[in-house]
Amino acid sequence: KTLQVLTDNAPFRPFSAMQGVFEEEFGQKHEQLFRSVQQIPIAAASLAQVHVAETLEGEKVAVKILYPTLRKELASDFAVFRMMGSQIKPGGYDLQWVVSDFEEAMKMELDLRSEARNARLAARDLQHRSDVKIPRILDGLTCSSVLTMELEEGLLKISDAPALAANNLDPQECGELLAAVFAEMALVHGHVHGDPHAGNVYLQVDTSAQRKGTPKLVLLDHGLYHTVPDAMRRDLCALLLAQVSPFASLQTKERLARRFAGPLFKYFPLILSPWFIFGARLTAADVVAAKKQQLPESVSVRDVGECLLAMHGQQEGDKEGGNMLGVLHSLGYTRGLLNSLGFPERKRLKSLVKYAQIGLYPDDLRDLALASGTAALPLQHRVELCAHALYVDLLAFFLPILLLLGPFIFLVEFLRWWLGLLWSFGGLNPLAWERSLPAPDDKKAR
């Protein structure tokens with residue numbers, strides 16, 4: 001809550017300090033570009049602030065303006081980061097790519113033309129959805145430091161329960177929409193919004209819908225996006241389906257998880273959902289370390305380094321690259337928004353496995369499912385979708401039972417560890433007993 005103000009209500013700069021950006025970028029004063037510009041911004045964040053304006057043609061728009069000195073300030077900061085990154089190599093791993101990734105992400109956000117391209121691409125990906133709105137970009141009034149888009153009014157914060165209730169919006173229906181859209185972006189299109197916090201993702205009442213209280217999702221701030229290579233996207237889809245399926249082998253789950261987390265593969269499914277805990281081979285030491293919010297003693301710095309490389313698509317033999325860290329970051333933000341709506345994990349998982357299945361279809365079937373709905377798919381594929389939804393329901397049914405058995409499972413694991421310890425010291429090893437006996441006297445034996 002303390003940091004929430006930075007998402008859209010940070011301290012802003014007076015317009016007099018911002019208007020020079022128009023002359024520098026367009027060679028014209030703002031009065032020549034717009035009929036009017038409101039002096040007080042409607043939103044302000046760490047990189048830019050947004051003003052309501054009216055074009056010369058009379059259209060109300062939102063104008064996003066980067067802070068003028070930001071690029072120069074960050075350039076010196078990145079020089080320091082690069083120097084530090086080249087000298088710090090934990091476990092012998094060169095993590096300079098972390099600094100490079102951060103610098104690349106900031107460069108994207110500091111060029112509003114990149115944000116305009118991302119917005120157009122996301123709008124194309126989601127054009128079949130009438131329940132999603134991405135504001136239209138006005139290209140003639142957009143440059144590297146100024147982004148002009150149509151103004152969206154009547155925006156409701158996802159976390160504002162009283163406002164949703166006042167507009168007859170059902171939180172569960174809003175959650176289904178939010179979960180579906182972000183699952184589709186990650187698992188079907190591989191083009192993931194990198195910063196979907198409450199200041200960038202809003203709801204509206206869909207006035208064009210026949211039923212009152214129909215929600216529409218509004219996505220803002222497209223400055224940072226993560227592109228997932230197709231092979232990585234398909235592996236992620238396969239892993240999600242394997243985690244909910246009672247018929248997938250443990251070897252298959254571990255092979256797919258290793259693709260994303262290297263030696264720390266057994267922890268990776270838990271990042272996707274805590275419901276996957278019983279599909280991971282965790283030990284008593286792992287559980288104790290998690291309770292203390294520590295890494296297990298069995299995990300080395302080298303393991304962490306290899307895990308980071310795997311998530312960044314830099315494993316040996318991986319030619320496509322990718323950024324699973326960014327995808328996980330986005331999924332984490334989305335889960336937080338869903339939690340604020342009281343949206344259950346069971347429904348979130350159903351949405352993930354639905355779009356994971358669609359993400360594995362050939363192009364023609366995938367386009368059919370998105371454009372006409374899954375009811376238009378051939379019977380075989382409809383049955384597959386229903387089966388995976390049923391697997392999630394079965395997981396929801398058995399999870400409380402498994403949680404009740406959890407202490408007993410932990411006790412059994414502890415006893416196994418203790419017996420193994422005794423065995424290693426010879427306490428319960430019959431061969432060790434035999435060795436500990438005095439050697440027989442051959443003469444007495446005779």
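Please refer to the structure higher up on the page.
Right, let's walk through the structure included here. Only a predicted model underlies this, so the values are computations on that prediction, with no experimental measurement involved.

Observations concerning the nonpolar core
1) Next: Formed by 60 residues in total, the largest nonpolar core has its most connected members in Phe-34, Leu-178, Leu-217 and Leu-219.
2) Next: Here this core gets seven residues from one element, more than from any other, and that element is helix 8 (residues 171-189).
3) Next: When residues no more than four places from it in sequence are discounted, the contact partners of Phe-34 are Phe-22, Ala-53, Glu-54, Thr-55, Leu-56, Val-61, Val-63, Leu-141 and Thr-148.
4) Next: One finds Ala-261, Trp-275, Phe-276 and Val-299 within the second-largest nonpolar core, a separate group that totals 48 residues.

A few points about the pattern of salt bridges
1) Next: In this structure the tally under the stated criterion is 23 salt bridges.
2) Next: Two residues, Glu-184 and Arg-129, come together in a salt bridge whose shortest N-O distance is 3.2 Å. Taken together, the positions of Glu-184 in helix 8 and Arg-129 in the loop between helix 6 (112-125) and strand 5 (132-133) put the pair 55 residues apart, joining distant regions of the chain. Taken as a pair, Glu-184 and Arg-129 share a single burial class, namely buried.
3) Next: Lys-216 is the salt-bridge partner of Asp-206, the closest N and O atoms lying 3.9 Å from each other. Taken together, the residues span a long stretch of sequence, with Asp-206 in the loop between strand 9 (201-205) and strand 10 (215-219) and Lys-216 in strand 10 at a distance of 10 residues.
4) Next: Judged by its relative accessible area of 16%, Lys-216 is buried.
5) Next: Here the residues in one salt-bridge network are Lys-64, Glu-115 and Asp-221, joined through shared partners.

Brief notes about the pairing of strand 3 (residues 48-55)
1) Next: In terms of residue burial, strand 3 counts as a mostly covered element, since seven of its eight residues are buried.
2) Next: One ladder, built from three bridges, connects strand 1 (residues 34-37) with strand 3; its direction is antiparallel. Bridge assignment links Phe-34 to a residue of strand 3, and that residue is Thr-55.
3) Next: When strand 2 (residues 43-44) meets strand 3, the two strands line up antiparallel, connected through two bridges. Along strand 3, the bridge assignment pairs Ala-44 with Gln-49.
4) Next: The turn linking strand 2 back onto strand 3 is made up of three residues.
5) Next: The pairing of strand 3 with strand 4 (residues 60-66) spans seven bridges and is antiparallel. Paired with Ala-53 across the bridge in strand 4 is Val-61.

So, helix 10 (residues 250-261)
Every α-helix carries 3.6 residues per turn, so stepping three or four residues along brings you back to the same face.
1) Next: Here helix 10 is 12 residues long and its end C-alpha atoms lie 16 Å apart, about the 16 Å a rise of 1.5 Å per residue gives.
2) Next: Taken together, the buried positions of helix 10 are occupied by Lys-253, Glu-254, Leu-256, Ala-257, Arg-259, Phe-260 and Ala-261.
3) Next: Lining the buried residues of helix 10 we find helix 9 (230-244), helix 11 (268-272), helix 13 (301-311) and helix 14 (324-340).
4) Next: Among the residues trailing helix 10, Gly-262 stands out with phi positive, at a value near 55°.

Let's talk about the packing of aromatic side chains
1) Next: Taken as a whole and judged by the stated rule, the model has five aromatic pairs.
2) Next: With a centroid separation of 6.0 Å and an interplanar angle of 70°, the aromatic rings of Phe-247 and Tyr-391 are classed as edge-to-face. Of this pair, Phe-247 sits in the loop between helix 9 and helix 10 while Tyr-391 sits in helix 17 (residues 379-425), and the two are 144 residues apart along the sequence.
3) Next: Taking the centre distance of 5.3 Å and the plane angle of 15° together, the rings of Phe-260 and Phe-268 count as stacked.
4) Next: Residue Phe-260 is classed as buried on the basis of its relative accessible area of 0%.
5) Next: Classification of Phe-268 by relative accessible area gives buried; the value is 1%.

Quick look at helix 12 (residues 284-291)
1) Next: Every buried residue belonging to helix 12 is among Ala-284, Asp-286 and Ala-289, and all of these are buried.
2) Next: Gln-293 occupies a position one or two residues after helix 12 and carries a positive phi of about 55°.

What about a nonpolar patch on the surface?
1) Next: Judged by side-chain polarity, Leu-390, Leu-394, Phe-397, Phe-398 and Ile-401 come together as a nonpolar surface patch covering roughly 470 Å² of accessible area.
2) Next: Take Phe-397: it is sitting in helix 17.
3) Next: A relative accessible area of 54% places Phe-397 in the exposed class.

Some words on the environment of Asp-206
1) Next: When its relative accessible area of 9% is taken as the criterion, Asp-206 is described as buried.
2) Next: When the C-alpha positions of Asp-206 and Lys-216 are compared, they lie 5.4 Å apart, and in sequence the two are 10 residues distant.
3) Next: Those residues in contact with Asp-206 that sit more than four places away from it in its chain are Ser-130, Thr-214, Pro-215 and Lys-216.

Points about the sheet that holds strand 5
1) Next: The sheet built from four strands is open, its strands ordered 5-10-9-7 with mixed pairing. The open sheet is flanked by strand 5 and strand 7 (156-157), the only strands paired with a single partner.
2) Next: Where strand 5 lies against strand 10, two bridges are found, and the strand directions are parallel. For Lys-133, the partnering residue across the bridge sits in strand 10 and is Val-218.
3) Next: Contacting strand 5, strand 9 and strand 10, helix 8 runs over the sheet at an angle of about 40° to strand 10.

The rules behind each value
Residues numbered from 1 in each chain as written. Predicted model: local features only at pLDDT ≥ 70, side-chain atom pairs only at ≥ 80, totals over all residues. Heavy atoms only, no water. Core = buried A, V, L, I, M, F, W, Y, C linked by side-chain atoms within 4.5 Å. Buried < 20%, exposed > 50% of the residue type's maximum accessible area, 1.4 Å probe, protein only. Helix = DSSP H or I, 4+ residues; strand = E, 2+ residues; numbered from the N terminus. Contact = heavy atoms within 4.5 Å. Salt bridge = Lys/Arg side-chain N within 4 Å of Asp/Glu carboxyl O. Pairing = 2+ DSSP bridges. Expected span 1.5 Å × (residues − 1). Phe/Tyr/Trp six-rings, centres within 6.5 Å; stacked < 30°, edge-to-face > 60°. Patch = residues over 30% accessible without salt bridge, like charges linked within 9 Å, V, L, I, M, F, W, Y side chains within 5 Å. Areas by Shrake-Rupley, 256 points an atom, 1.4 Å probe, with all protein chains shown as cover. Axes fitted to C-alpha atoms, helices over the stretch in contact; angles between N-to-C directions.

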